[in-house]
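Chains, contacts and geometry: an overview
Take a look at the letters that make up each chain.
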Amino acid sequence: MSEGEVFHEKQRLELCAIHALNNVLQERVFTKETADDICKRLAPQCVMNPHRSVLGTGNYDVNVIMAALQSRGLAAVWWDKRRSIQNLCLDKIQGFILNVPSRVSLGFVSLPLRRRHWLAVRDVNGHFYNLDSKLKGPACIGGETELRSFLTEQLSQDVAEMLLVVQKEVDDEGTWLKADDTRK
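Scoring rules and cut-offs
For every chain, the first residue of the written sequence is number 1, and numbering continues from 1 along that sequence. For a predicted model such as this one, the threshold for reporting local features is a pLDDT of at least 70, and the threshold for listing and counting side-chain atom pairs is 80 or more; totals across whole chains, interfaces and linings nevertheless cover every residue. Note: side-chain values were computed over all heavy atoms of the structure, leaving out hydrogens and water. UniProt positions are given in the numbering used here, feature names are shortened, and annotations may be inferred rather than shown by experiment. The secondary structure listing takes helices from DSSP runs of H or I that are at least 4 residues long and strands from runs of E that are at least 2 residues long, numbered from the N terminus. Summary of the burial criterion: residues with accessible area below 20% of their type's maximum are buried, those above 50% are exposed, and those between are partly exposed, where the area comes from a 1.4 Å probe applied to protein chains only. Note on contacts: a residue pair qualifies if any of its non-hydrogen atoms lie within 4.5 Å across the two residues. Throughout this description, a polar contact denotes any pair of N or O atoms lying within 3.5 Å of each other; where both atoms belong to protein, one of them has to be capable of donating a hydrogen while the other can accept it, and for residues adjacent in sequence the pair is counted only when both atoms sit in side chains. The term salt bridge refers to a pairing of a side-chain nitrogen on Lys or Arg with a carboxyl oxygen on Asp or Glu at a separation within 4 Å. What a helix is expected to span follows from its residue count: subtract one and scale by 1.5 Å. Each C-beta atom gives one direction from the helix axis, and the arc is the one those directions make.

To continue, consider the UniProt feature "active site" (unreviewed entry) in the protein chain. With numbering aligned to this structure, UniProt lists the feature "active site" (unreviewed entry) at C16, H117 and D132. Judged by maximum C-alpha separation, these annotated positions cover 117 residues in sequence but sit close together in space, the widest gap being only 9.1 Å. You can see C16 is positioned in helix α1 (residues 16–25). Overall, the relative accessible area of 7% leaves C16 in the buried class. Among all residues touching C16, those that are not within four sequence positions of it are Q11, H117, W118 and S133. Checked against the element boundaries, D132 lands in the loop between β4 (127–130) and β5 (139–142). For D132, the side chain forms a polar contact with the side chain of H117, separated by 2.7 Å.

What follows deals with the pattern of salt bridges. For the structure on display, the rule yields 5 salt bridges. Note that R72 is salt-bridged to E27, the shortest N-O span being 3.5 Å. Of this pair, R72 sits in the loop between α3 (62–70) and β1 (74–78) while E27 is found in the loop between α1 and α2 (32–42), placing the two residues 45 residues apart along the sequence. A relative accessible area of 41% places R72 in the partly exposed class. Residues D172 and K168 are paired through a salt bridge, measuring 3.1 Å at the closest nitrogen-oxygen approach. Separated by 4 residues within a single helix, D172 and K168 lie in helix α5 (residues 168–173), roughly one turn from each other. On the accessibility criterion, K168 (43% relative accessible area) is partly exposed.

A few words on helix α4 (residues 144–155). Since the α-helix advances by 3.6 residues per turn, residues separated by three or four positions end up pointing in the same direction. Helix length check: α4, at 12 residues, gives a terminal C-alpha distance of 16 Å against a target of 16 Å (1.5 Å per residue), a fit within 8%. Of the positions making up α4, those classed as buried are L147, R148, F150, L151, Q154 and L155. Across the axial projection of α4, the buried residues extend over an arc of 160 degrees, all falling on one side. Facing away from the buried side of α4, by more than 90 degrees, are the exposed residues T145 and E153.

Its location among the elements puts H8 in the segment before α1. Note: C-alpha distance between H8 and P138 (130 residues apart in sequence) is 6.2 Å. In terms of polar contacts, H8 uses its side chain to reach the backbone carbonyl oxygen of D132, at 2.8 Å.

The following block contains the structure:
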């Protein structure tokens, strides 16, 4: 499969959460409008919604991502970074959404600031892809071994976090985790 056949939304405004959702689902499902509607449902009484940027440019939080996935019959499972990536049952996981530190830039000038950024990773026809919306296109990671190395490297950053995107039944049964790992 060529990288041109892999769905990949590119970064616009502060909409990385929406791009990560659509990239992990491999289709354009969510828009700024649907994310804003989710924000309103999560905090209906708030004038300044705590789940997005006050400027209205995006910057959605994890609650929006989790609610969006739930609306599609999916679940987001927080990954405990103290566990080994080897304990993941990759065949039960639809994809990954990571929250990582990201440099801030204005055009070609990189500022000495860091912000949080959502990105997606998933398997498409037997190859795992980094679907970071800041990339020019999807970046092939490789197979399971390369994926585990990539995830381990990403999670080695102090503030990095990872959500497993799974079917609701997989979450309910806990089958995203190998049976020999008893810590849940």
